[in-house]
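So the chains spell out like this:
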Amino acid sequence: MDIFKEIKKEHDEFKKMAKKINATTKRAIKTRTNSFAKLKLELTAHHQAEEEVLVPALKENKATRKMGLEIIEEHRILDKLMAELQSLAVDDETWIVKFKVFSEIMEKHTDEEENEISKKAHGEFKQKKLDKLGDQFEEEDKKIAKQLKNKKQVK
Ligand SMILES: [Fe+2]
Ligand SMILES: [Fe+2]
């Protein structure tokens, strides 16, 4: 499947999860903790899979190289915010404020991948290549998520 279709499928899930968390009150400690842990793990795997499959392809092409580099920078910001959220108590009043900022940046980032970057890549790459990248992305994403889950169980 086209890599941008694969990516969008996951983005839709992330947006749903973020919406659910944003709607919680500070009394929903369990929901916040569990839903955030799930989102963090899956988004981390998604970022890593994008950086291993999509970003190298974008960087190889002069017309898309900068977009590839921008993806990495935005992932760093999102990862940093997730680490801050992780170290803060979920019922702290700043937690949900920080989460809202995080989800707004996440939304902007995913929209860019789905629109500008997808459009440019479709103009530059053959469909066959985008389909092949999609298969690689799916495989890589599953593998990394599984590794992260196993790592969590060991701790
Ligand atoms: Fe991304
Ligand atoms: Fe993405």
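Nothing here was measured: the structure is a model prediction, and the numbers come from that model. (Residues numbered from 1 in each chain as written. Chains lettered and ligands numbered in written order. Predicted model: local features only at pLDDT ≥ 70, side-chain atom pairs only at ≥ 80, totals over all residues.)

1. Quick word on the overall build of the protein
When helices and strands are counted, the protein shows five helices and zero strands. Helices and strands appear in the protein in the N-to-C order α-α-α-α-α. Taken against the 2.2 N^0.38 rule, which gives 15 Å for 155 residues, the C-alpha radius of gyration of the protein at 16 Å falls within 12% of a compact globule. Across its three principal axes, the protein shows a C-alpha extent of roughly 50 × 30 × 20 Å. Out of the 155 residues in the protein, the part that is buried amounts to 25%. Expressed as a percentage of contacts within the protein between residues at least 6 apart in sequence, the contacts between residues at least 24 apart total 71%. (Helix = DSSP H or I, 4+ residues; strand = E, 2+ residues; numbered from the N terminus. Rg over C-alpha atoms; globule rule 2.2 N^0.38 Å. Buried ≥ 20, exposed ≤ 12 C-beta atoms within 10 Å, placed from the backbone. Contact = placed C-beta atoms within 7 Å.)

2. Focus: the packing of helix α1 (residues 3-22) against helix α4 (residues 93-124)
At a minimum axis separation of 10 Å, α1 and α4 run at an interaxial angle of 165 degrees. The orientation of α1 relative to α4 falls into the category roughly antiparallel. Note on packing geometry: the crossing formed by α1 with α4 is left-handed. In this structure, α1 contributes F4, I7, K8, H11, F14, K15, A18, I21 and N22 to the contact, and α4 contributes F99, K100, S103, M106, E107, T110, E113, E114, S118 and A121. Tallied by class, the residues present in the contact of α1 with α4 amount to eight nonpolar, five polar and six charged. (Axes fitted to C-alpha atoms, helices over the stretch in contact; angles between N-to-C directions. Parallel < 35°, antiparallel > 145°, perpendicular 65-115°, else oblique. Left-handed = near helix turned anticlockwise from the far one by under 90°. Nonpolar A, V, L, I, M, F, W, Y, C, P; charged D, E, K, R; others polar.)

3. Some thoughts on the nonpolar core
Buried together is how nonpolar side chains tend to be arranged in soluble globular proteins. In terms of nonpolar packing, the biggest core is built from 15 residues, with I3, L54, L133 and F137 touching the most fellow members. Elements represented by at least two residues in this core include exactly α1, α2 (29-60), α4 and α5 (127-154). For this core, the element with the most residues is α2, which contributes six residues. Among all residues touching I3, those that are not within four sequence positions of it are L54, L130, L133, G134 and F137. I21, F36, L39 and M82 belong to the second-largest nonpolar core, a separate cluster that totals 11 residues. (Core = buried A, V, L, I, M, F, W, Y, C linked by C-beta atoms within 7 Å.)

4. Quick notes on the environment of K19
Within the secondary structure, K19 sits in helix α1. We classify K19 as exposed; it has 10 C-beta atoms within 10 Å. Separated by 110 residues in sequence, K19 and K129 have C-alpha atoms that sit 33 Å apart.

5. Focus: α1
Between its first and last C-alpha atoms α1 spans 28 Å; for 20 residues at 1.5 Å apiece the expected length is 28 Å, and the two agree. Among the residues of α1, those classed as buried are I3, F4, E6, I7, H11, A18 and I21. The arc that holds the buried residues of α1, viewed along the axis, is 145 degrees, so those residues lie on one side. Seen from the buried face of α1, the exposed residues on the opposite side, beyond 90 degrees, are K9, D12, K16 and K19. (Expected span 1.5 Å × (residues − 1). Arc of directions from axis to C-beta.)

6. Describing the environment of E140
Along the polypeptide, E140 turns up in helix α5. Judged by local crowding, E140 falls into the partly exposed class, with 19 C-beta atoms found within 10 Å. E140 sits 87 residues away from V53 along the chain, and the two C-alpha atoms are 8.0 Å apart. Setting aside chain neighbours within four positions, we find E140 in contact with A49, E52 and V53.

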